[in-house]
Each structure stands twice: as structure tokens, then as C-alpha cells.
Number of protein chains: 2
Amino acid sequence: MFPVLKNDRLIKSLWREPVDRTPVWMMRQAGRYLPEYRATRAKAGDFMTLCQTPELACEVTMQPLARYDFDAAILFSDILTIPDAMGLELYFVEGEGPKFKHPLTTAASIHNLSSDVMNELAYVPNAVALIRHELNGKVPLIGFSGSPWTLATYMVEGQSTREFKKIKALLYEDPALLHVLLQTLADAVTHYLLAQIKAGAQVLQIFDTWGGILSDSAYREFSLRYMRLVVTGINSNLTEAERVPIILFTKGGGGWLEDIQDTGCDAIGLDWPIDIGRARARVTDGVSLQGNMDPAVLRSTPDAIEAEVKKVLASFGRHSAASGHVFNLGHGITPDIDPENVAVFVEAVKNHSPAYHS
Amino acid sequence: MFPVLKNDRLIKSLWREPVDRTPVWMMRQAGRYLPEYRATRAKAGDFMTLCQTPELACEVTMQPLARYDFDAAILFSDILTIPDAMGLELYFVEGEGPKFKHPLTTAASIHNLSSDVMNELAYVPNAVALIRHELNGKVPLIGFSGSPWTLATYMVEGQSTREFKKIKALLYEDPALLHVLLQTLADAVTHYLLAQIKAGAQVLQIFDTWGGILSDSAYREFSLRYMRLVVTGINSNLTEAERVPIILFTKGGGGWLEDIQDTGCDAIGLDWPIDIGRARARVTDGVSLQGNMDPAVLRSTPDAIEAEVKKVLASFGRHSAASGHVFNLGHGITPDIDPENVAVFVEAVKNHSPAYHS
């Protein structure tokens, strides 16, 4: 159905099979640091049109691959498409981040949500299929979703926040109601990611952007538990041959690596305050690690970027059948980065990583 | 010179000696959630006048002790007094946080800094001495400072930031220059904390508010290293009898507990994403732990607050000669908290902690 995959470094590393060098991609690699992205974004008019028009989403997904030797493409979309499809109406105000026209403010608004969102979200698998064709087997395509907990924070807060007052009030005052919301979201995320696989996604990443704001016990109960449901739900609906590697990324989740591995995921995304070698020593055979350079390094000099890439590679050490490494930043690239520095970053991984593979 | 200390639970717990129950205090316990604080703040006119007038600093330090059975007072001051004394001129814009009139923008501005700041900062030991007398032995007085790294972030950025672009550019582009700044700050912080001890501070806390934004190797090189210099510098200038317990608190520092203990500090402050029982299992004999309830819990119900206090107490477990527990929030209390809920919090620690002490 799709062309044969020519560069399978990412998938092999995630399955812990031998590769010639460490694969590399970047969170938000299709984004505002690229002038060609800003041009397409301007052409689209607003951000949601960009996400909802498969041809435009495909165009921006492909842009970084024309410039850099990335080993993966990642679907261009937003983590908040599911709440939008549930009727909350996502919109963006310049400089203020995402907002919902109808945030969840009552118990009824939570009980009335339906996890049956794929009619509204047909544009996402359509984009996935189009991108797969356009990629023509060059590199694999990563699909993604926000985690149930992360989606819930935006749906209850109604917008970006630094304090999470509303969602934490709900968590501590009416945990049963929050569980209703998270169960609905886990079902929706499972359908959504299965639809992406069916349309052609070859790897999945779940972004738990806000798991790290929780206490240890709250993280287990309200974030990790529902990511486990999603991983299990996806894999139990697929044959062994249909399965794709699943990466879980909890920002600020360095304290929970053992627990994240225990969900059954195939790889753990790391942010940058954790040493990747120490992280590797904590998990057991059977999980790969993705990360973990501080995105701020891209704002500095070519020498500093190369030195930091070498440091991360050396810390992870040799690829093995127990754990593979996928090079990435510890969070998304920011809009102010010079595209030249991204080239330095990618070349540094290409040049210095073969020594860690046989 | 000062009245005998009647309530020594905090100091004994920090030295890992037996106590009847777990001591409790709160970061920012003298603060905007209290109407009497807001009244004194209004009387002072601006925030720096409040810090720089020992009588007013003493007044707000004492306020929470009149309401609650806290086991400690903490000097009312700001972590940015040292850079202010170095000539950067600290000021506050309502709703925007701290700013400097003269941030560090050149290498010369860094080389010209002097660590000899105590002439400018005489108001701090004066406030400490006044508070000690006013406390009249009721509870011990905690002195504090920002960590060298945390002070450097504000001095280079010139204000609060979420991205830390300037300080990280300096770190990656000219680490030698950043080391000059951090060495000067470590010397100043050491003088500053020794002066607080001499004036009557009975415990010290070093606030490393921004250590957690660093990569593992950068944290060791630019934050931890200088906190170690401060701890060593303080203790080597004191006789055994003069020593006071030193608490190091790195926000987001849960990955570095073993390394923080290795500085020679007496206690580690924990934020809330880490389980305090797991933290205890990671450190060795000879360090106490402080924390670690999510401050957001105080925004919920009395039942939820009590349940969360019990959870933290149970996770730490029994006090021992290897490790004592000081109950605290994982970060400062926020201005929107109902003072009634603080009473619930303190009473819960008082009522439920004796079971963990013999």
C-alpha cells in the first residue's frame, strides 16, 4: 500500500535492533524557526486551518526534511485536536497560546463528553495518509497525541496556565469526576492513535507535557494510569505484525522512568535535567531512550552544540539489544533558533554517533 | 545573649535527634495570603522598604506565628538582596516580579562585581538580631540566601523569565565568564550567611530556585559546585559549637538527591513530584528531608489537606537517627490561599505525626 521504507534507523532503534548510527529527529521540527513554515502558516490564515487541511499539514511536515537529514517525519498537528473535536472549540490568540471557547466548568459538561471523536477528526488520518505517500519511503512517519492528563489540564483550565489551579482543585476536591474525564479521554486517545496507525503512522509518541506538575501519587493515579490504558488499548487491538513502537514522553518525568517503562511502552522520552546514562542504568532490558539535549544549546555556538551532542552520545554509550537511543532535544525547538544551528546539530549526531554502533 | 530556645523540634529533626512530633513550617509563611501582611506591606509603601527596615521585616516575620503553631520563623527578606547590594538596583513592578535597573550585560560588569557586600546589607543581620529578640525563644529563626546559580540567573536576565535565554547563552558560549560570576556570588553568599549566623540565625536554607532548568552536567558544574563551596565555606569558618543545620533546596532537583547530600548539607528540601519515601531510600545515613506537599492542595478542602498530610507522613515513615523529617510545602504558599486552610494543614501535621516518633 505504501512505498518501502528506505531509512529504518528510527524504527530499528526503537525495537533495539542494530543500526549504523543513532537516528535523530526534533520535537517541533516543523515549526516557526523555519521561514518556509511561517510562509505556509501565513498562507493558511489561521493555525487550525493549517492543522485541518491535509495538503497544508503535509507541506509543513515535509519542510524540515528538505533541509536536514532527519531520520523521521512527525505529523504536523496540535495536541488539542481531540478536545476541539469534543466540542470545546480550540482557538489561538497570538502570543497567548491555545484557548477553548467552551472549557469544562461543570460536572455535566464532563459527563456529556463522548470519546467517539473520529468523525470530527477525519482530517488527521487523511493528513497521515497523504504524508506517507509524499514521504515515498524516505523516513518513517511519527503520529502523536497528548496524554489524557495533559488534555484534561487544558480542557479544565480553558487555556495555558502556570499554576493549574482549576485542574488541581478538581483533582483534590472531586477525583471521581476527574477519573470520568480521564477515562473518556483515554478511550478517545486510543481510537485516535489506532486511526493514525491504520492511516500509515509507523511510530507513535504520547506527549505528557504536564505530568511533571503532579505529586508522585497524583502522577501515578491521574497521568500514568491512563497512559497505560492507552498503550494497552492500542496494542491489544493490533496483531504482532501491525504493532508500532510507542514512545511516552512526560516532561519533568525523570523521577518515574521505571514506572513509565512498566506501562509497556517501547521507548521513554527524556527532558534534559536527567543524565541519559543514569536513566539507562535505571530501566531494565527492553526499552529505548529518546533525548535529551537542552533545546537552549541550539541558541549558542556550533562548537557548543557539537560538544553537547557528544556529551549526550557518550553518556548513553553503546547501542545494545537491551536499549537503543533516539537522539532528540529534551523539549520542542523554540521559534528563535537559527536554522543553521539545526544543521550543525544534525551533522554532529551523524558524525559522532557511528562510534557507538558496531 | 539570646533567650533559651523553648521549641527545638526543627533543629533536633535537622540534626536527626529524637523529637515528639514532626516539626512544620511553610516556605513564604510570612506573605501575601495573610491580610496582616498586606497591611504592613501597604504601610511600608514598597517591597524593598519592607525588607530594608528591620522593624517591618520583624513585624511580618512574626505574623504567621501569632496565627499558627509553626515550629520555626523564617527571616522576611528577598533572595535578591545580594545583587541589589552589588549595585544592580532591585525594584518590583506590580504583577511582573523582580527587575534590575542595571543587569549584567558585559564581561566588564561581571569582572567589576565585588563580593564585599555586607556594608550594604547591614539591614539583614540587624533584622535577624531584632527578630531573635522578638521571638524570645519561642521557635528557632531560619536565615536564607538564594544559591549562586539562582542569583546569577536574575542578574544576567535582569528579571524573571521562563526561558532563561541570556543566562544559558552565557553558560554555553562563555562558561569561564559565568564561573567568574558564580565564584564572586559564592563568596558573597558565604559572607552573607555567616553574618546571619553571627546575628542569630539558627538554621540556614539555600534556595536554588532555578537549578532544575539545567541539564545534569550543567547543574553539577554551575549550580551544585557553588552550593558546595558555600556549605564548605560556612562550616570551615565556624567551630563545631557554632555550626547550624544547612538545608539545600533545589526546585526540580529530585534527580540529584545523592549529589546534593554530597555537598555536606544537613538536609535536602524536596519539591512535590518526588515521593519522600523514595527520596529517603536514595540518600545515605546523615541527612534529613524537608517537604513535600504540593502547595496546590491548600487550595482544596480540609479533608483533602488532611489526607495529603497523612500521605506524606506515611511515605517518610519513622524518624530515625539516620534521617529526620521537617514538614513543609514543596514550594512557597501562593497569595490566593485561605488562611483557614493553613490552620488545617498545621493541625494535621501536629495530630498525625506523633505516631512516627517514639
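Structure report, in brief. (Residues numbered from 1 in each chain as written. Chains lettered and ligands numbered in written order. Predicted model: local features only at pLDDT ≥ 70, side-chain atom pairs only at ≥ 80, totals over all residues.)

Description of the overall build of chain A
- When helices and strands are tallied, chain A shows 15 helices and 9 strands.
- Here chain A has a C-alpha radius of gyration of 19 Å; the compact-globule value for 358 residues is 21 Å, and the two agree.
- The C-alpha extent of chain A, read off along each of the three principal axes, is 55 × 45 × 40 Å.
- Looking at the 358 residues of chain A, the share that counts as buried comes to 54%. (Helix = DSSP H or I, 4+ residues; strand = E, 2+ residues; numbered from the N terminus. Rg over C-alpha atoms; globule rule 2.2 N^0.38 Å. Buried ≥ 20, exposed ≤ 12 C-beta atoms within 10 Å, placed from the backbone.)

What to know about the packing of helix 8 (residues 148–157) of chain A against helix 10 (residues 175–199) of chain A
All names here are of chain A.
- The N-to-C vectors of helix 8 and helix 10 enclose an angle of 120°; their axes lie 9 Å apart at closest approach. When the interaxial angle is binned, helix 8 and helix 10 end up oblique. The element helix 8 and its partner helix 10 pack so that their crossing is right-handed. In this structure, helix 8 contributes Pro 148, Trp 149, Leu 151 and Ala 152 to the contact, and helix 10 contributes Leu 178, Leu 181, Leu 182, Leu 185, Ala 186 and Val 189.
- Of the residues assigned to the contact of helix 8 with helix 10, the class counts are 10 nonpolar, no polar and no charged. (Axes fitted to C-alpha atoms, helices over the stretch in contact; angles between N-to-C directions. Parallel < 35°, antiparallel > 145°, perpendicular 65-115°, else oblique. Left-handed = near helix turned anticlockwise from the far one by under 90°. Contact = placed C-beta atoms within 7 Å. Nonpolar A, V, L, I, M, F, W, Y, C, P; charged D, E, K, R; others polar.)

With respect to the packing of helix 14 (residues 302–316) of chain A against helix 15 (residues 339–352) of chain A
All names here are of chain A.
- Running from N to C, helix 14 and helix 15 cross one another at 40°; their axes reach a closest spacing of 9 Å. Classified by the angle their axes make, helix 14 and helix 15 are oblique. Taken as a pair, helix 14 and helix 15 cross one another with a handedness that is right-handed. Taken together, the residues of helix 15 that come into contact with helix 14 (itself represented by Pro 302, Ile 305, Glu 306, Val 309, Lys 310 and Leu 313) are Asn 341, Val 344, Phe 345, Ala 348, Val 349 and His 352.

Quick word on the interface of chain B and chain A
- Taken together, the contact between chain B and chain A spans 27 residues of the former and 27 residues of the latter.
- For the side of chain B that touches chain A, the secondary structure elements donating two or more residues are helix 9 (165–173), helix 11 (216–236) and helix 14 (302–316) of chain B.
- Per-element accounting of the side of chain B that touches chain A gives the leading share, 5 residues, to helix 9 of chain B.
- For the side of chain B that touches chain A, the per-class residue count stands at 11 nonpolar, 8 polar and 8 charged.

Focus: helix 14 of chain B
- With 15 residues, helix 14 of chain B should cover 21 Å at 1.5 Å per step; its first-to-last C-alpha distance of 21 Å lies within 8% of that length.
- For helix 14 of chain B, the set of buried residues is Ala304(B), Ile305(B), Glu308(B), Val309(B), Val312(B), Leu313(B) and Phe316(B).
- On its buried face, helix 14 of chain B is in contact with helix 9 (165–173) of chain A together with helix 13 (276–282), strand 8 (288–293), strand 9 (325–329) and helix 15 (339–352) of chain B. (Expected span 1.5 Å × (residues − 1).)

A few points about the relation of the copies chain B and chain A
- The transformation that overlays chain B on chain A combines an axial shift of 0.0 Å with a rotation of 180°, and the residual RMSD is 0.0 Å. Within this description, the copies of the chain are treated as partners about a two-fold rotation axis. Considering only C-alpha atoms, the part of chain B nearest the rotation axis is Gly255(B), at 3.3 Å.
- Of all interface residues in chain B, 100% are interface residues in chain A too; the two copies therefore contact each other through one and the same surface. (Least-squares fit on C-alpha atoms with pLDDT ≥ 70 in both.)

Some thoughts on helix 8 of chain A
- Of all 10 residues making up helix 8 of chain A, 10 are buried, and the element is well covered by its neighbours.
- Residue Gly158(A) follows helix 8 of chain A closely and has a positive phi angle near 85°.

Observations regarding the sheet that holds strand 8 of chain B
Residue and element names in this part refer to chain B.
- Pairing is parallel in the open sheet, where 7 strands are placed in the order 1-4-5-6-7-8-9. Each having just a single partner strand, strand 1 (73–74) and strand 9 make up the two edges of the open sheet.
- Here 5 bridges tie strand 5 (residues 203–208) to strand 6 (residues 246–250), and the two strands are oriented parallel to one another. Bridge pairing in strand 6 places Phe 207 opposite Phe 249. (Pairing = 2+ DSSP bridges.)

So, unusual backbone geometry
Residues and elements named next belong to chain A.
- Asn 292 follows Gly 291 through a cis peptide bond whose omega is -10°.
- Inspection of the secondary structure puts Asn 292 in strand 8 (residues 288–293).
- The phi torsion at Arg 16 lies on the positive side, around 65°, for a residue other than glycine.
- Summarising the element assignment, Arg 16 is placed in the loop between helix 1 (9–14) and helix 2 (35–44).
- C-beta crowding within 10 Å serves as the criterion here: with 21 such atoms nearby, Arg 16 is assigned to the buried category.

Some points on the environment of Phe76(B)
Residue and element names in this part refer to chain B.
- Among the secondary structure elements, Phe 76 is positioned in the loop between strand 1 and helix 5 (81–88).
- Residues Phe 76 and Cys 58, 18 residues apart in the sequence, show an inter-C-alpha distance of 7.2 Å.
- With near-sequence residues (within four places) excluded, Phe 76 lies in contact with Ala 30, Ala 57, Val 60 and Thr 61.

Concerning the environment of Val124(A)
All names here are of chain A.
- For Val 124, the position within the fold is in helix 7 (residues 123–135).
- For Val 124, a count of 27 C-beta atoms within 10 Å translates into the label buried.
- Distance in space between the C-alpha atoms of Val 124 and Leu 135 is 16 Å, their sequence separation being 11 residues.
- In this view, Val 124 contacts Ser 77, Thr 81 and Gln 196; residues no more than four positions away in its chain are not counted.

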